[in-house]
Amino acid sequence: MKNDEELEIALTYLRLKGLQTQWDEIIDEADSKKPSYTRFLKDVILREYNLKRERARQLRLKKAQMLGNWVMETYPFEKQPKLSKRKLMELYDSKRYLLGNENIAFIGPTGTGKTGLATAYLIHAINNGYTGRFILFADLIDELLQAVADHSEKRVIKRYLQYDCLVIDELGYEEVDSQIQAGLAFRLLRQRKKSTIVTSNLGFDEWPKFLKNKNLAAALIDKFTANCHLINMLHCKSITPRTIK
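If you're wondering where the values come from, they're calculated on a predicted model, not measured in any experiment.

A.B. asks: Describe in detail a negative patch on the surface, supporting the description with residues and values.
C.D. replies: Where like charges cluster on the molecular surface, the negative patch consists of D139, D142, E170, E174 and D177. Along the chain, D142 falls in helix 7 (residues 137-149). Here D142 falls in the partly exposed class, since its relative accessible area comes to 43%.

Laid out in structure tokens, this is it:
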């Protein structure tokens, strides 16, 4: 910043990190192109604005705790001819699942890319300014059970309710250990008003098996599917993870 201590202090106080780190570059560019005062001020403001937005996006991605950086553009639809690319892309491009607070359920065997697709929708949400979180179902119910033990379940559930897009992965891969866990999972999903995406190797008719409660499973399915897009991947082929990373 060419030893301008006063300017350095001012930019630090205003938290204009972009201008602080790029000031010399900005001034050199202005000396070269000689824009109008209006154009110069606009460019400076937009540069700082875009930098702050990008930092915020990167922070949201980090907080989402995803297992991989899977994006829709690299999913091998050509290897899944029985999967409707048109349906998936319409839902993705329109952001209907976000704008309408709609749920999505990817149902199919292991290895078909359910987690990759769910992650792609989550990344898309985050890239468009929404908040999100990725968590394995087993980890979620363990966290909820621990919250009961230390009397923080209301705070934990509230945190999960606030995410604009919540991905719960591998629902049904492990049975719940107690009805307390099943009840907490139901309580969370019943209260959520925003988009929830689940992946499962079990069809809805099999959910009572891992929840160990037929009535609770029926109530959960009714609530979740009331505003849900079912992506049936039961007849999809197994693909290697690197093809969708």
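A.B. asks: So what about the nonpolar core? Which residues, and what values?
C.D. replies: By size, the foremost hydrophobic cluster in this structure holds 33 residues, and its most contacted members are F137, Y160, I168, W207 and L211. Sorting the residues of this core by element identifies strand 1 (103-107), helix 7, helix 8 (153-162), strand 3 (165-169), helix 9 (179-191), helix 10 (207-211) and helix 11 (214-225) as the ones contributing at least two each. Considering each element in turn, this core owes the most residues, six residues, to helix 9. Not counting the four nearest positions on each side in its chain, Y160 is found in contact with R133, I135, L140, E143, L166, L188 and R192. Membership of the second largest hydrophobic core comes to 30 residues, among which are M66, L98, Y121 and A125.

A.B. asks: Provide a residue-level description of helix 4 (residues 85-94), including the pertinent values.
C.D. replies: Buried within helix 4 are the following residues: L88, L91 and Y92. With its buried residues spanning 100° around the axis, helix 4 presents them on a single face. Seen from the buried face of helix 4, the exposed residues on the opposite side, beyond 90 degrees, are R86 and D93. Where helix 4 is buried, its residues meet helix 5 (96-99), strand 1, helix 6 (114-127) and strand 5 (228-232).

A.B. asks: Got a sec to walk through the pattern of salt bridges? Specific residues and values, please.
C.D. replies: This model, assessed by the stated rule, comprises 10 salt bridges. For K194, the salt bridge goes to D164, with nearest N and O atoms at 3.2 Å. In this pair, K194 is assigned in the loop between helix 9 and strand 4 (195-200) and D164 in the loop between helix 8 and strand 3, connecting sequence segments 30 residues apart. A relative accessible area of 28% means that K194 is categorised as partly exposed.

A.B. asks: A description of the sheet that holds strand 5 should follow, citing residues and the corresponding values.
C.D. replies: Read across the open sheet, the five strands follow the order 2-3-4-1-5; overall the sheet is parallel. With one partner strand each, in any of the chains shown, strand 2 (132-136) and strand 5 form the two edges of the open sheet. For this sheet the average axis-to-axis angle between neighbouring strands, irrespective of direction, equals 10°. Pairing of strand 2 with strand 3 involves five bridges; the strand directions are parallel. In the strand pairing of strand 3, L136 is matched with D169.

Procedures and definitions
- All residue numbers here refer to positions counted from 1 along the written sequence of the relevant chain.
- The predicted nature of this model means local features are confined to residues of pLDDT at least 70 and side-chain atom pairs, given and counted, to a pLDDT of 80 or more, with totals for whole chains, interfaces and linings taken over all residues.
- The basis for every side-chain value is the complete set of heavy atoms in the structure, and neither hydrogens nor water enter the calculation.
- Each patch is assembled from residues with relative accessible area greater than 30% and no salt bridge, linking like charges that lie within 9 Å and nonpolar side chains (Val, Leu, Ile, Met, Phe, Trp, Tyr) that lie within 5 Å.
- Under the convention used here, a 1.4 Å probe and the Shrake-Rupley method define accessible areas, while residue burial counts only the protein chains that appear.
- Salt bridge, as used here, is a side-chain nitrogen of Lys or Arg placed within 4 Å of a carboxyl oxygen of Asp or Glu.
- Under the convention used here, Asp and Glu are negative, Lys and Arg are positive, and both His and the chain ends fall outside the count.
- Where a charge lies is defined by one atom per residue type: Lys uses NZ, Arg uses CZ, Asp uses CG and Glu uses CD.
- The numbering of helices and of strands both runs from the N terminus, where a helix is a DSSP run of H or I of at least 4 residues and a strand a run of E of at least 2.
- Think of it in three bands: with a 1.4 Å probe and only protein chains considered, a residue is buried below 20% of the maximum accessible area for its type, exposed above 50%, and partly exposed in between.
- For the purposes of this section, nonpolar cores are sets of buried Ala, Val, Leu, Ile, Met, Phe, Trp, Tyr and Cys residues that join through side-chain atoms within 4.5 Å.
- Should any heavy atoms of two residues lie within 4.5 Å, those residues are considered in contact.
- Arc definition: it is the arc formed by the directions from the helix axis to the C-beta atoms.
- Strand pairing is defined by DSSP finding a minimum of two bridges between the two strands.
- Where helices are involved, their axes are fitted lines through C-alpha atoms of the stretch in contact, as for all axes, and angles between N-to-C directions lie from 0 to 180°.

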